[in-house]
Amino acid sequence: MSVVRRRRTPENSKPVSARPRVLSLMASLLTGRGWLFDLYPIRRGMQVWFLPEDGGPIALWERYAPSFYVRGRAATLSRGLSVLRVPATVTRKERVDVWTGRPVPVFEVRVEDPLRYAGVVARLGRWEDDALELFTCDIPLAQRYCYDRGVFPLAWCEWEATAEGELRTLTVRDDPWAVDYLLPPLRVLELKVEGELVNPRHGHRGRLEVSWDGTTRLLDSDDPASLLESLAGVLRQVDPDVILTQWGDAWLLPSLRQLERRHQVRLPWNRDPQAAIPGRRAHSYLSYGRIVRREASQFLAGRWHLDAQNTFLLTETGLEGLLELARLCRMPVQQLARTSTGTAISSLQLLQAHQDGILIPWHKQQPEQFKTADELLTADKGGLVFVPEPGLYGDVAELDFASLYPAIMAKFNISPETLDCPCCPDHRVPELGRHTCRNRRGLVPQVLEPILAKRARLKRLKQTATDAQARQTYDRRQTALKWILVTSFGYLGYKNFVFGRIEAHEAVTAYSRELLLQAKELAEAAGFRLIHAVVDSIWVHKPHVREREVAALADTISHAIGIPLAVEGIYRWLIFPPSRMHPRLGV
Ligand SMILES: [Zn+2]
């Protein structure tokens, strides 16, 4: 992980949770600016941590009463709230029904204490034999705060706060759609068991190795009490923004915490001494007929714990990709690191719905069960595949559509609520007896369109960047977007996802089949022969083919279809083995 390390003097790297640093004094409010670093619910609202442009981290808090919506009888709702004895305010509102697009009357319930929010939702959701219907009630509260306040993790902000640390104004001077932005230099402490990377649960044991700023120390584990002392000393001295571990979630942190209890020592894991951020216990779930184990999570308050062995996004896209998605999807970094790309894209869809005043139906089953986008790809059986005759082929060009399925959803306005609308029966989907709406822009296309555009911009920037570091940053950011785009298709057909609808999924593959057939005809008209196609790639053959002919074909198809097609490679010869889906590339 390559991160710029901030130099901090020991004076200003003390834990600062006791009192916020004063940057300037204006009308008795303290003002400052810096990056929004961490956030989590507390009893009176949200705790928000900032990394100022200079100096150590600052903890501020804001009064925040998160809301949900209820359809049902007023008397039933007020009976429920009075039995639960939860301070809450109830207001009559109008919100939009996702399926009809029409406003409906609802009650908005604001819960004064965010820590009781989930409990209230759980109880009211089952109140008097499900007499109440709840909406927009199961978005994680840090995420929800970002939606409500228009802020996002790693945003560059300006704030005003009281001397007691209560935020009075929070202004974002940043844009989650920006392709170039400054990030805080992060101080990283790495923590692992010395030696080779072997899952410590499988018996490997050794000394504890801590590294920061080019320093590495081995902490002796013969005497557990002094080991804990030494580690506490390092944590205080370094005051890291990020603790990066190997197997920290499943093994290392739980083991150290067990030691702490046994020896009655408390390590300063959290920057916030009051925080009790609960971890998530390990659990198993069923995904495509396989049992998948999700490891426990150890979250910290005011600093991030990232476990290199329990994060798909960090592994695939580096810190640059992870932080790009944290900004864009409004998800705290620690949670995002451990989640699937599907949860990230769904956060953007929930945000769009919430901003449009749409009631988000409550799916009591959480849709976080997808581990990787790979599983989603293998779940797809609907795309058109031209299977090649096995054998050796000469002069073959491979052409790839960029994010074909998401591009189809955006271009043809495919979204669960726009499919088979009452107003546009003639706007037909090929092959299927279905149609999409011309009048109402769908939620899913609204979300995908700017991501596709941003990814295309990042890819161009990557191509034109002159220094290697910038090229890598753009590449990791666009790769992160690629993953959420890939997953958006799987989620569209996933019935447990709030905006999932299998018919919308089928509409996408129907369009993709038609587009591939169109591409095949255009290739043939240009003197090529289509020998293989799978999902979003095609392989075409033409004797003595030249680069510029292939580029011209890509252009023709891109223009005709309206989705960019890029030349992936031209091969002098290529083998398609009899039993394999993918070709073996020649020189
Ligand atoms: Zn319509």
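Quick note: structure is the one above.
The rules we used
Positions within a chain are numbered from 1, following the residues in the order the chain's sequence is written. Confidence filtering applies because this is a predicted model: local features only for residues at pLDDT of at least 70, side-chain atom pairs given and counted only at 80 or more, and all residues used for totals across whole chains, interfaces and linings. Remark: hydrogens and water are excluded; side-chain values derive from all non-hydrogen atoms of the structure. For Na, K and Ca the donor cut-off is 3.2 Å, while for other metals it is 2.8 Å, and in both cases only N, O and S atoms qualify; water is not among them, so sites may look incomplete. Angle rules define the geometry names used: all angles between 85 and 135 degrees makes four donors tetrahedral, while opposite donors over 155 degrees apart and all other angles between 65 and 115 make four donors square planar and six octahedral, leaving every other case irregular. With a 1.4 Å probe rolled over the protein chains alone, any residue whose accessible area is under 20% of its type maximum counts as buried; one over 50% counts as exposed, and the rest are partly exposed. Lines fitted to C-alpha atoms define the axes, with helix axes restricted to the stretch in contact, and inter-axis angles between N-to-C directions lie between 0 and 180 degrees. Here a helix means four or more residues in a row that DSSP labels H or I, a strand means two or more in a row labelled E, and each is numbered from the N terminus. Roughly parallel refers to an angle under 35 degrees, roughly antiparallel to one over 145, roughly perpendicular to one between 65 and 115, and oblique to any angle outside these ranges. If you view the pair so one helix is near and one far, a crossing is left-handed when the near helix is turned anticlockwise from the far one by less than a right angle, and right-handed when it is turned clockwise. In this description, contact between two residues means that some pair of their heavy atoms is separated by no more than 4.5 Å. Polarity classes work like this: nonpolar for Ala, Val, Leu, Ile, Met, Phe, Trp, Tyr, Cys and Pro, charged for Asp, Glu, Lys and Arg, and polar for all others, with Gly in that last group. Pairing between two strands requires that DSSP report at least two bridges joining them. Within 6.5 Å between ring centres, the rings of Phe, Tyr and Trp (the latter by its six-membered ring) count as paired, and their orientation is classed by plane angle as stacked under 30 degrees, edge-to-face over 60, tilted in between. For a helix, the expected span equals 1.5 Å multiplied by the number of residues minus one. When a carboxyl oxygen of Asp or Glu is within 4 Å of a side-chain nitrogen of Lys or Arg, the pair counts as a salt bridge.

Note on the zinc ion: its protein donors are Cys 421 (SG), Cys 423 (SG), Cys 424 (SG) and Cys 437 (SG). The metal-donor distances range over 2.2 to 2.4 Å. Angles of 105 to 114° at the metal separate the four donor atoms of the zinc ion, which places the site in the tetrahedral class. In primary sequence terms, the donor set of the zinc ion follows C-x1-C-C-x12-C. Its relative accessible area of 44% is what places Cys 423 among the partly exposed residues. Taking the relative accessible area as the measure of exposure, Cys 424 reaches 2% and is therefore buried.

This part takes up the packing of helix 1 (residues 74-84) against helix 2 (residues 117-125). It is at 11 Å that the axes of helix 1 and helix 2 come closest, and there the two elements cross at 135°. For the element pair helix 1 / helix 2, the angle class is oblique. Remark: the crossing between helix 1 and helix 2 carries right-handed chirality. Taking contact as the criterion, the partners of Leu 77, Gly 80, Leu 81 and Leu 84 in helix 1 are, on helix 2, Val 120, Arg 123 and Leu 124. The residue makeup of the contact of helix 1 with helix 2, split by class, is five nonpolar, one polar and one charged.

Bringing the sheet that holds strand 5 (residues 67-71) into the picture now. Spatially, the four strands line up as an open sheet ordered 6-7-5-8, and their pairing is antiparallel. At either end of the open sheet lies a strand with only one pairing partner, and these are strand 6 (88-96) and strand 8 (133-135). When the angles between neighbouring strand axes are averaged without regard to direction, this sheet yields 35°. Relative to strand 8, strand 5 runs antiparallel, the two being bridged by three bridges. Counted as the bridge partner of Tyr 69 is Phe 135 from strand 8.

How two aromatic rings sit relative to each other is given by the distance of their centres and the angle of their planes. Applying the stated criterion to the full structure yields 10 aromatic pairs. With a centroid separation of 5.8 Å and an interplanar angle of 75°, the aromatic rings of Phe 68 and Tyr 117 are classed as edge-to-face. With Phe 68 in strand 5 and Tyr 117 in helix 2, the pair connects residues that are 49 residues apart, well separated along the chain. Taking relative accessible area as the criterion, Phe 68 reaches 0% and is therefore assigned buried. On the basis of relative accessibility, which here comes to 3%, the residue Tyr 117 falls in the buried class. Between the aromatic rings of Phe 312 and Trp 483, the centroid separation amounts to 5.0 Å while the plane-to-plane angle is 80°, which identifies the pairing as edge-to-face. Separated by 171 residues along the polypeptide, Phe 312 in helix 6 (residues 312-329) and Trp 483 in helix 12 (residues 468-492) bring together distant segments of the chain. No difference in accessibility class separates Phe 312 from Trp 483, as the two residues are buried. Put simply, the rings of Tyr 393, Trp 539 and Phe 576 pair up and form one aromatic cluster.

With mixed pairing, five strands are arranged side by side in an open sheet as 13-12-11-14-17. The open sheet has two free edges, formed respectively by strand 13 (215-219) and strand 17 (304-307), since each of these has just one partner strand. Neighbour to neighbour, the strand axes of the sheet diverge by 20° on average, direction disregarded. When strand 14 (residues 242-245) meets strand 17, the two strands line up parallel, connected through four bridges. Counted as the bridge partner of Val 242 is Trp 304 from strand 17. Contacts from helix 4 (residues 224-238) reach strand 11 (188-193), strand 12 (208-212), strand 13 and strand 14 within the one sheet, and its direction differs from that of strand 12 by about 10°. Against the sheet, helix 5 (residues 248-263) makes contact with strand 11, strand 12, strand 14 and strand 17, and its axis sits at roughly 125° relative to strand 17, the strand it touches most.

Contact geometry for helix 8 (residues 341-355) and helix 11 (residues 443-464): axes closest at 9 Å, N-to-C directions at 120°. Considering the angle they form, helix 8 stands oblique to helix 11. The way helix 8 lies across helix 11 gives a crossing that is right-handed. Contacts between helix 8 and helix 11 pair Ile 345, Leu 348, Gln 349, Gln 352 and Ala 353 from the former with Leu 443, Val 444, Gln 446, Val 447, Leu 448 and Ile 451 from the latter. Residue classes in the contact of helix 8 with helix 11 are distributed as eight nonpolar, three polar and no charged.

Turning our attention to the pairing of strand 20 (residues 529-534). Judged by how many residues are buried, strand 20 sits mostly within the fold: five of six residues are covered. In the sheet, strand 20 pairs with strand 21 (residues 537-541) via five bridges, with the strands oriented antiparallel. Residue pairing for strand 21: His 532 is matched across the bridge by Trp 539. Taken together, strand 20 and the strand that follows it, strand 21, pair antiparallel across an intervening segment of two residues, in which Val 535 is found at a positive phi of about 50°.

For an α-helix, 3.6 residues make a turn, and residues three or four places apart therefore share a direction. Compared with the 21 Å implied by 1.5 Å per residue over 15 residues, the 22 Å span of helix 8 between its first and last C-alpha is a close match. For helix 8, the buried fraction is high: 14 of the 15 residues fall into the buried class.

Before going further, it helps to spend a moment on the pattern of salt bridges. All told, the structure shown has 28 salt bridges when counted by the stated rule. A salt bridge links Arg 438 to Asp 426; the nearest nitrogen and oxygen atoms lie 3.5 Å apart. Taken as a pair, Arg 438 in the loop between helix 10 (404-411) and helix 11 and Asp 426 in the loop between helix 10 and helix 11 lie far apart in primary sequence, 12 residues in all. Taking relative accessible area as the criterion, Asp 426 reaches 53% and is therefore assigned exposed. In the salt-bridge network here, residues are joined through shared partners; they are Asp 239, Asp 241, Arg 271 and Arg 303.

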